[in-house]
Amino acid sequence: MKKIRDFQNKKVLILGLARSGEAAARLLTKLGALVTVNDGKPFEENPTAQSLLEAGIRVVCGSHPLSLLDEEFQYMVKNPGIPYHNLMVKRALDKQIPILTEVELAYLVSEAPIIGITGSNGKTTTTTMIANVLNAGGQSALLSGNIGYPASEVVQKATADDTLVMELSSFQLMGVEAFHPHIAVITNLMPTHLDYHGNFEDYVAAKWMIQKQMTVTDYLVLNANQETMKALVPKTSATLIPFSTQEVVDGAYLKDGMLCFKGEEIMAATDIGVPGQHNIENALATIAVAKLRGIENAVIAERLAQFGGVKHRLQMVGQVNGITFYNDSKSTNILATQKALSGFDNSRVILIAGGLDRGNEFDDLVPDLLGVKKMIILGESAERMKRAADKAGVAYLEAKDVAAATQLAFKQAQRGDIILLSPANASWDRYPNFEVRGDEFLATFGRLKGEA
């Protein structure tokens, strides 16, 4: 880690905790900053704030008093989930206090080069694939970012001999200034998080910040299947490395069932260790990065064939009485569930879907539901999901939660069937996040397996 002096004796306000806020607070304290943490959760219910106070870091909990910003802070580091129209953030902007992102802070102190991965879907899988392949090829790749390992925490142990393989959300990329990955990947761009960004154009602009500082000596790996992505190509200074499942490109592509890179056959698409057309795209993006980093073809092929998925991302959980369970709780939008279904024979699928009602219908999902054996529907969006099932001619049952839905699906299933949790909705109507929702699915599988 670089021992920069930019923050020494500077007053910094951390707005919002969670893991990234805690990591930023501890890093800035190491750098000599005078840190104050402000979090909405009451102190007595906030073990993270309690731990920071024990470490000598000032904490203000239970509310976000605007008067706090009268203390002449020189920087603010905000939690990625806090929008820029938040009153505290607006007041900071009015006072011309620079607002840093946690990933920007990590970049400023990083000795390690960065490979940044963003996109609407496939970020976590692609990030994990890339790290696995690089590590197998003898390069030290450290997972970081939105994948559950705060960048400002990982960077403290990273050296110039490591590489930070960093998953980046649109929330994290908004507001970056100096952040400069050597290789960046954009898996795809679809209308997501519009409640935060307001419109698709602003969402795309946030994602596009990943390449803001890139030059011709850097590499930008893009999905050439998407017209949205193609339109962005003239707007970057980076060297473009496209990937495509639809055409031969000057990068990574699918041809006659083989995954190729600039004329070299790497492996058969059917050998990828996880199902689905979307995972072919993820593998192609991984191949592009691996080849740029000089990894041998045999290593790439072996690691992608052995890749078993990521927890909550089309995770193959196991079998009970010949029935296979897949945990895809991370599918919080229609596109993700479409991609999940693309990897299976619908006639064998019992789909568990539904969740937070964001006001959208599921007509776009109807073609992908055709032929599904049965649906188990739950959550606030149940009525909308039922309408989609009716249009697709799919029979359905209702359940109150994921545990009940999984048990009900198991009762309906026969040997050879697949029980797929792929909700196409966020979890917040009943669960604090998709991980908790997925963990309930995993726990229910465990009970069913124990009873079998």
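Residues numbered from 1 in each chain as written. Predicted model: local features only at pLDDT ≥ 70, side-chain atom pairs only at ≥ 80, totals over all residues. Heavy atoms only, no water.

As a rule of thumb, soluble globular proteins bury nonpolar side chains together. Counting residues in hydrophobic clusters, the biggest one holds 50 residues, and the most contacted among them are Phe7, Ile14, Leu28, Val37 and Leu164. Those residues in contact with Phe7 that lie beyond four places of it in its chain are Val12, Leu28, Leu31, Gly32, Ala33, Tyr75, Leu100, Leu105 and Leu108. (Core = buried A, V, L, I, M, F, W, Y, C linked by side-chain atoms within 4.5 Å. Buried < 20%, exposed > 50% of the residue type's maximum accessible area, 1.4 Å probe, protein only. Contact = heavy atoms within 4.5 Å.)

Once that is clear, we can look at the pattern of salt bridges. Opposite charge on two side chains makes pairing possible when the charged atoms of those side chains draw close. Throughout the structure, instances matching the rule amount to 20 salt bridges. Across the pair Glu22 and Arg26 runs a salt bridge, and its minimum N-O distance is 3.2 Å. Of this pair, Glu22 and Arg26 both sit in helix α1 (residues 18–30), four residues apart, roughly one helical turn. A residue is classified by how much of its surface remains accessible, and Arg26, at 28% relative accessible area, is partly exposed. The salt bridge involving Lys212 is made with Glu177; its shortest N-O contact spans 2.9 Å. Placement of Lys212 in the loop between α9 (200–208) and β10 (219–223) and of Glu177 in the loop between α7 (170–173) and β9 (183–186) is noted, with a sequence separation of 35 residues between them. Lys212 sits in the partly exposed class, given a relative accessible area of 37%. The class of Glu177 is partly exposed, set by a relative accessible area of 46%. Three or more residues joined by partner-sharing salt bridges are found here, namely Asp357, Glu361, Arg384 and Arg387. (Salt bridge = Lys/Arg side-chain N within 4 Å of Asp/Glu carboxyl O. Helix = DSSP H or I, 4+ residues; strand = E, 2+ residues; numbered from the N terminus.)

Our focus in this paragraph is the packing of aromatic side chains. For the structure on display, the rule yields seven aromatic pairs. Look at Tyr107 and Phe179: their rings are 5.9 Å apart centre to centre, the planes differ by 70°, and that puts the pair in the edge-to-face class. With a gap of 72 residues between them, Tyr107 in helix α4 (residues 102–109) and Phe179 in the loop between α7 and β9 connect regions that are remote in the sequence. The exposure class assigned to Tyr107 is partly exposed, which follows from its relative accessible area of 23%. Centroid distance Phe325 to Phe441: 6.1 Å. Interplanar angle 50°. Geometry classified as tilted. (Phe/Tyr/Trp six-rings, centres within 6.5 Å; stacked < 30°, edge-to-face > 60°.)

In this section: helix α5 (residues 123–136). Since there are 3.6 residues in each turn of an α-helix, residues three or four apart along the chain are aligned in direction. The end-to-end C-alpha distance of α5 is 20 Å, a good match for the 20 Å that 14 residues give at a rise of 1.5 Å each. Among all positions in α5, only Lys123, Thr124, Thr125, Thr126, Thr127, Thr128, Met129, Ile130, Ala131, Val133 and Leu134 are buried. Backbone geometry just after α5 places Gly138 at a positive phi near 90°. (Expected span 1.5 Å × (residues − 1).)

Note that strand β13 (residues 258–261) and strand β14 (residues 264–268) share four bridges and pair antiparallel. The partner of Leu259 across the bridge, within β14, is Met267. The loop that links β13 with its antiparallel partner β14 comprises two residues; one of these, Lys262, has a positive phi angle of about 45°. (Pairing = 2+ DSSP bridges.)

Let us now look at the side chain of His312. Mapped onto the secondary structure, His312 falls in the loop between α12 (297–306) and β15 (315–320). Judged by its relative accessible area of 3%, His312 falls in the buried class. Contacts of His312, omitting those with residues within four sequence positions, involve Asn327, Asp328, Ser329, Lys330, Phe434, Glu435, Gly438, Asp439 and Leu442.

Spatially, six strands are ordered β15-β16-β20-β17-β18-β19 in an open sheet, and the strand pairing comes out mixed. The sheet is open, and its two edges are formed by β15 and β19 (396–398), each paired on a single side. Each neighbouring strand pair of the sheet contributes to a mean axis angle of 20°, computed without reference to strand direction. Strand direction decides the pairing type here: strand β18 (residues 374–377) and β19, joined by three bridges, are parallel. Of the residues in β19, the one forming a bridge with Ile376 is Leu397. (Axes fitted to C-alpha atoms, helices over the stretch in contact; angles between N-to-C directions.)

By secondary structure assignment, the location of Thr286 is in helix α11 (residues 277–292). On the basis of relative accessible area, Thr286 is assigned to the buried category, the value being 1%. The spacing of Thr286 and Ala252 is 34 residues in sequence and 9.1 Å in space, taken between C-alpha atoms. Setting aside residues up to four positions removed in sequence, Thr286 forms contacts with Thr126, Met129, Ile130, Val133 and Leu304.

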